[in-house]
Amino acid sequence: MTTPSIDAHVRLDIHPIHPSAVTAVLTGSQAHIPHVGLEAADWTVVPENTLVLVRIDHEEPYWAEKAAQHLAAAGVSVEITLRLRVAMAEDWTWADYPMPWCTRSEIREVSDAAQKIYDDIRHGQLLIHAHAEDGHTTVAVGTYLGSGKSVYLHGQNHLRQVADTFDSPAQALVAFEKVHGTAMRPGPAPMTDTERAAAQARTSPPTAGPGPSRPEPETVPAYAADAGDHDALLEAFFAAHGDWEKWRTWSDETTHAIHESQTLRIERVHEAHPRETAWTVAAYETPVSERMWVLTATNATPGPVMQALLDHLADGDGWDTSVGAPVDEEIVAAATKPLSEAGWKHTVDGRWIGWTSPTKDAGVQFDAFAAQHPNQTLATWTVWAGPGPDRPTWALTASPHIPTALLAELSETLAHGTGTRHPQTVGRDRATTLGTTPPAMPPLAASRAVGHSR
């Protein structure tokens, strides 16, 4: 069954003022259809055509990705900006999490349960009668207005949980007062910093006011720089080099750049995941022959690295390569000379020869086995940055006969090039917003505890 097409477009991006939040800008004659769906999923309307998703557990990118999948399945056109895609792919966890035995998905379940409690309070469905400070955290007692069930809450923000349930508000208040006595205060506790920031994000348009000043970008090695706008790089490439022709696929998801000789081609996939291949460069001996060499790069590859690659291709220097010649020590040494001269650590581990940056957050890896089996699909060269070559933030791979001059140009960029990176803001720094509340939640004495239902 074909999904009907809806005349609506949703552009998802990170909130420019509150970086943990996500915005959705809606356009199209049927924009009201995704508008209703997003509101039902607790997105808040800010201006008329803009909604914002704000959570106290900072899981907005995860839930925005889920929303994008549902919208696309319903026939709505969805655009996700690159910086939001990077946030969606980010593998993070709370520092000093008080329940270290939880997996990442279990942590998300705990956070989502806390989010639901927060939303119930915010929407007036859960009335808080009293609160108290209990050590390093806050406890509270309240009643669900729909079901009449009362609950004892323990913790704050993404760690708030239902610790006990009661049949009536009177029963709950008597038990709460018995445990907390003079520390008991009427009504809900004051908002936490996280709750206050969330409230502000829901009530101010993304462009309203100057907001908190955004950190200035920092200068970093090229391999650690932001990806920037790859599409803008490609458009600038076309504008500066008339010997390259632009071709688009029927779906507009991919752009091809073909040199006038027809022997060098670039493929750019626009909406690729940050860690998926977004660039493929291939060279051919003739317009109709097999590939001589191929290079791929993921969508999170830093802008300075992509710029160096495109500049080299535009120069037309060193495209050709001798397919039949073996990849010997001389070629490897020439390709990696800038790294060696810059003091990158050289290692040999069986079939793998590597060069790792002094800070161990980037490297180049040569697979001697793959180099001797050029007909296989194994990558001979891998350029990476991130936690390690097996878990890269971005990666670039190349076949055995990639031109030595091109590899040397990339090595030079890695060793000596610089770029800019926007530092993580407090809104996205989970370590600074985490409380160290212990997981133990003392139960309240109750004459007849019941299961929580609404």
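Predicted, not measured: the structure shown is a model, and the values here were computed from it.

Thresholds applied
Residues numbered from 1 in each chain as written. Predicted model: local features only at pLDDT ≥ 70, side-chain atom pairs only at ≥ 80, totals over all residues. Heavy atoms only, no water. Helix = DSSP H or I, 4+ residues; strand = E, 2+ residues; numbered from the N terminus. Buried < 20%, exposed > 50% of the residue type's maximum accessible area, 1.4 Å probe, protein only. Contact = heavy atoms within 4.5 Å. Areas by Shrake-Rupley, 256 points an atom, 1.4 Å probe, with all protein chains shown as cover. Phe/Tyr/Trp six-rings, centres within 6.5 Å; stacked < 30°, edge-to-face > 60°. Lys NZ or Arg CZ within 6 Å of the ring centre and 35° of its normal. Core = buried A, V, L, I, M, F, W, Y, C linked by side-chain atoms within 4.5 Å. Patch = residues over 30% accessible without salt bridge, like charges linked within 9 Å, V, L, I, M, F, W, Y side chains within 5 Å. Salt bridge = Lys/Arg side-chain N within 4 Å of Asp/Glu carboxyl O. Lys, Arg positive; Asp, Glu negative; His and termini not counted. Charge placed at Lys NZ, Arg CZ, Asp CG, Glu CD. Pairing = 2+ DSSP bridges. Axes fitted to C-alpha atoms, helices over the stretch in contact; angles between N-to-C directions. 1 Å grid on protein atoms, 1.4 Å probe; cavity = no way out; pocket = protein on both sides within 12 Å on 5 of 7 lines; lining within 4 Å. Points joined across faces, edges and corners; volume = space filled by probe spheres on them.

Trainee: What am I meant to see in the overall build of the chain here?
Mentor: Along the chain, the regular secondary structure elements total twelve helices and 22 strands. Out of the 454 residues belonging to the chain, those deemed buried represent 46%. For the chain, the share of sequence-separated contacts (at least 6 apart) that also reach a separation of at least 24 residues comes to 58%. Working note: accessible area of the chain is about 22,300 Å², and carbon and sulfur atoms make up 53% of it.

Trainee: Looking at this model, I keep getting lost on the packing of aromatic side chains. Mind explaining?
Mentor: Two aromatic rings are characterised by how far apart their centres lie and by the angle between their planes. Across all of its chains, the model carries seven aromatic pairs by this definition. Consider the rings of Y152 and F176, whose centres lie 5.9 Å apart with planes at 65 degrees: the pair is edge-to-face. In this pair, Y152 sits in strand β8 (residues 150-154) while F176 sits in helix α5 (residues 169-180), placing the two residues 24 residues apart along the sequence. Under the relative-accessibility criterion, Y152 is labelled buried at 0%. The class for F176 is buried, based on a relative accessible area of 0%. Both rings, one in Y223 and one in W344, keep their centres 5.9 Å apart while their planes meet at 90 degrees; by these two values the pair is edge-to-face. On the criterion of sequence distance, the pair formed by Y223 in the loop between β11 (218-221) and α7 (230-240) and W344 in the loop between α9 (329-341) and β17 (345-349) is long-range, its members being 121 residues apart. The class for W344 is buried, based on a relative accessible area of 7%. Among the aromatic residues, those joined into a cluster by ring pairs are F237, F238 and W244. Note that R108 overlies the ring of Y62, its terminal NZ or CZ placed 3.7 Å from the centroid. R265 extends its terminal NZ or CZ atom over the ring of Y284, reaching a point 4.3 Å from the ring centre.

Trainee: Would you take a moment to explain helix α3 (residues 82-89) for this structure?
Mentor: Structurally, the α-helix is built with 3.6 residues per turn, so residues lying three or four positions apart point the same way. Burial within α3 is extensive, with six of its eight residues counted as buried. Every buried residue of α3 is listed here: L82, L84, R85, A87, M88 and A89. The inward-facing, buried residues of α3 contact β1 (9-14), β2 (22-27), α2 (60-73) and β5 (77-80).

Trainee: Would you mind showing me how to read the nonpolar core here?
Mentor: Among soluble globular proteins, nonpolar side chains are generally buried collectively. With 51 residues, the main nonpolar core has I266, W293, L295, W355, W381, W394 and L414 as its most contacted residues. Broken down by element, this core gets its largest block of residues, six residues, from helix α8 (residues 303-315). With near-sequence residues (within four places) excluded, L295 lies in contact with W279, T280, V281, L309, L396, T397, A398, I402, L406 and L410.

Trainee: Please clarify how a negative patch on the surface should be interpreted in this entry.
Mentor: Together, D311, D315, E409 and E412 make up a negatively charged patch on the protein surface. Looking at the negative patch, the elements that each hand over two or more residues are α8 and α11 (404-416). Within the element layout of this structure, E412 appears in helix α11.

Trainee: Quick question: what am I supposed to make of the pairing of strand β14 (residues 264-269) here?
Mentor: Consecutive side chains along a regular strand alternate between the two faces of the sheet. Alternating positions in β14 separate cleanly, L264, I266 and R268 being buried on one face and R265, E267 and V269 remaining unburied on the opposite face. Where β14 lies against strand β15 (residues 277-284), five bridges are found, and the strand directions are antiparallel. Residue pairing across strands places I266 opposite V281, the latter belonging to β15.

Trainee: Is there a simple way to think about the sheet that holds strand β7 (residues 137-144) in this case?
Mentor: The strands making up a sheet associate through backbone hydrogen bonding, with each pair oriented either parallel or antiparallel. Pairing is antiparallel across the open sheet formed by five strands, whose spatial order is β9-β8-β7-β6-β10. For this open sheet the edge positions go to β9 (161-166) and β10 (185-186), each flanked by a neighbour on one side alone. One ladder, built from five bridges, connects β7 with β8; its direction is antiparallel. Following the sheet pairing, T143 is matched in β8 by S150. Sheet strands touched by helix α4 (residues 104-122): β6 (126-134), β7, β8 and β9. Its angle to β6, the strand with the most contacts, is close to 120 degrees. Its contacts with the sheet place α5 against β6, β7, β8 and β9, and it is angled at close to 10 degrees to β6.

Trainee: What is the right way to look at empty space enclosed by the protein in this model?
Mentor: In this approach a probe as big as a water molecule rolls over the atoms, and the regions it shows empty are the leftover space. All chains considered together, the criterion is met by three cavities of 30 Å³ or more. Size it by volume and the second largest cavity reaches roughly 50 Å³. Lining the second largest cavity we find A335, T336, V364, W381, V383, L407, L410, S411 and L414. Elements with a contribution of two residues or more to the lining of the second largest cavity: α9, β20 (381-385) and α11. No other element matches the four residues that α11 contributes to the lining of the second largest cavity.

Trainee: Is there a simple way to think about the environment of V151 in this case?
Mentor: Among the secondary structure elements, V151 is positioned in strand β8. Once the C-alpha coordinates of V151 and T165 are considered, the two residues, 14 residues apart in sequence, prove to be 4.4 Å apart.

Trainee: Whenever I open this one, the pattern of salt bridges confuses me. Can you help?
Mentor: Proximity of charged atoms lets side chains of opposite charge pair with each other. Enumeration over the complete set of coordinates arrives at 19 salt bridges. Note that D193 is salt-bridged to R196, the shortest N-O span being 3.0 Å. Here the residue D193 and the residue R196 both occupy positions in helix α6 (residues 193-203), the gap between them amounting to three residues, near one helical turn. In this structure D193 comes out as exposed when scored by relative accessible area, which is 62%. Among the residues examined, R196 registers a relative accessible area of 41% and is labelled partly exposed. K337 serves as the salt-bridge partner of E341, at 3.9 Å between the closest nitrogen and oxygen. Note that E341 and K337 are positioned in helix α9 at a spacing of four residues, about one turn of the helix. Accessibility expressed as a relative area gives 58% for E341, which makes it exposed.

Trainee: Help me out: how do you make sense of the sheet that holds strand β4 (residues 50-53) in this one?
Mentor: Taken in spatial order, the five strands make up an open sheet running β3-β4-β2-β1-β5, and their pairing is mixed. Because the sheet does not close on itself, it has two edges, and the strands there are β3 (44-45) and β5. Pairing between β1 and β5: four bridges, direction parallel. Along β5, the bridge assignment pairs R11 with E79. Sheet strands touched by α3: β1, β2 and β5. Its angle to β1, the strand with the most contacts, is close to 65 degrees.

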